[in-house]
Amino acid sequence: MQTSNPVVGIIMGSDSDLPVMQDAKNFLDSIGISAEVTVVSAHRTPLRMVDYATQARKRGLKVIIAGAGGAAHLPGMVASLTSLPVIGVPVKSSNSIDGWDSVLSILQMPNGVPVATVALNAAKNAGILAAQIIGSSDTSVAEKLDAFKAEMNEEVLAKAARLQANGLPNSFDTNQ
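Here the structure is a predicted model, which is why all the values come from computation and not from measurement. (Residues numbered from 1 in each chain as written. Predicted model: local features only at pLDDT ≥ 70, side-chain atom pairs only at ≥ 80, totals over all residues. Heavy atoms only, no water.)

Considerations on the overall build of the protein chain
Stage number 1. Within the protein chain, the secondary structure is distributed over six helices and five strands.
Stage number 2. Sequence-ordered secondary structure for the protein chain, helices as α and strands as β, is β-α-β-α-β-α-β-α-β-α-α.
Stage number 3. With respect to the three principal axes, the spread of C-alpha positions in the protein chain is 60 × 40 × 30 Å.
Stage number 4. Per-residue burial over the protein chain gives 40% buried out of 176 residues.
Stage number 5. The contacts of the protein chain with a sequence gap of at least 6 include a subset with a gap of at least 24, amounting to 68%. (Helix = DSSP H or I, 4+ residues; strand = E, 2+ residues; numbered from the N terminus. Buried < 20%, exposed > 50% of the residue type's maximum accessible area, 1.4 Å probe, protein only. Contact = heavy atoms within 4.5 Å.)

Shown next, in the form of structure tokens:
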């Protein structure tokens with residue numbers, strides 16, 4: 001059951017980040033968590049960023065997912081302005097140094113301004129983590145996450161069985 005008011009904010013420094021950030025929105029949609037998506041640039045629209053971060057809780061958001069490439073200041077700047085959990089998604093952009101600049105910019109936050117950081121371009125993981133944060137106090141979300149994890153487990157077991165069915169040896173015995 002999807003809520004009508006967004007509870008997760010998904011922001012990005014540029015619309016060119018949308019192909020990566022869409023994965024977070026898609027995951028949240030799949031388990032019924034409403035999310036808003038918009039562009040908020042730390043460098044080009046700093047006042048919009050301040051307004052977004054400082055008003056987020058009042059608007060009902062519970063988690064913010066912030067994706068950024070290059071210097072990637074957006075997640076940390078937003079985290080400095082709100083007490084909501086912020087999940088940073090480093091995005092490998094055209095002006096990036098293989099994405100390392102983005103990863104390190106988001107990861108290396110000073111004490112007092114935490115940003116949970118997922119892997120490069122791993123917006124789906126950011127969506128999962130946002131759901132886990134919400135699921136820590138919402139049993140219906142937690143149950144959907146449990147079902148998601150069980151489905152992943154079954155997919156891996158089916159892949160392992162296919163490998164063995166195709167003649168690959170299996171020396172791993174789960175009954176040991």
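What to know about a nonpolar patch on the surface
Stage number 1. Judged by side-chain polarity, W100, L104 and L107 come together as a nonpolar surface patch covering roughly 340 Å² of accessible area.
Stage number 2. Along the chain, W100 turns up in helix α4 (residues 100-107). (Patch = residues over 30% accessible without salt bridge, like charges linked within 9 Å, V, L, I, M, F, W, Y side chains within 5 Å. Areas by Shrake-Rupley, 256 points an atom, 1.4 Å probe, with all protein chains shown as cover. Salt bridge = Lys/Arg side-chain N within 4 Å of Asp/Glu carboxyl O.)

Focus: the nonpolar core
Stage number 1. In terms of nonpolar packing, the biggest core is built from 28 residues, with V8, M21, I33, I65 and V89 touching the most fellow members.
Stage number 2. Elements that contribute at least two residues to this core include exactly β1 (8-12), α1 (18-30), β3 (63-69), β4 (86-91), α5 (123-135) and α6 (139-165).
Stage number 3. Considering each element in turn, this core owes the most residues, six residues, to α5.
Stage number 4. Filtering out sequence-adjacent residues up to four positions away, V8 remains in contact with L28, I33, S34, A35, E36, L61, V63, I65, A130 and I134. (Core = buried A, V, L, I, M, F, W, Y, C linked by side-chain atoms within 4.5 Å.)

Some words on helix α3 (residues 74-81)
Stage number 1. Looking at α3, one finds that the buried residues are L74, P75, G76, V78 and A79.
Stage number 2. Elements in contact with the buried residues of α3: β1, α2 (46-55), β3, β4 and α4.

Brief notes about the pattern of salt bridges
Stage number 1. Enumeration over the complete set of coordinates arrives at three salt bridges.
Stage number 2. As a salt-bridge pair, E36 and R59 come within 2.6 Å of each other at their nearest N and O atoms. Of this pair, E36 sits in strand β2 (residues 35-39) while R59 sits in the loop between α2 and β3, and the two are 23 residues apart along the sequence.
Stage number 3. Here K92 makes a salt bridge to D98, at a shortest N to O gap of 3.6 Å.

Quick word on the packing of aromatic side chains
Stage number 1. Scanning the entire structure with this criterion turns up one aromatic pair.
Stage number 2. Plain terms: the ring middles of F27 and F148 are 5.0 Å apart, the flat faces sit at 70° to each other, and that makes the pair edge-to-face. One end of the pair, F27, is in helix α1; the other, F148, is in helix α6, with 121 residues separating them in the sequence. Neither F27 nor F148 differs from the other in exposure class; each is buried. (Phe/Tyr/Trp six-rings, centres within 6.5 Å; stacked < 30°, edge-to-face > 60°.)

Observations concerning the pairing of β3
In the case of a regular strand, side chains alternate between the two sheet surfaces.
Stage number 1. For β3, a buried count of six out of seven residues is recorded, marking the element as mostly surrounded by other parts of the structure.
Stage number 2. Pairing of β3 with β4 involves six bridges; the strand directions are parallel. Counted as the bridge partner of A68 is P90 from β4.
Stage number 3. Following the backbone out of β3, through α3 and into the adjacent parallel β4, one traces a crossover that is right-handed. (Pairing = 2+ DSSP bridges. Right-handed = clockwise from strand over helix to strand, strands pointing away.)

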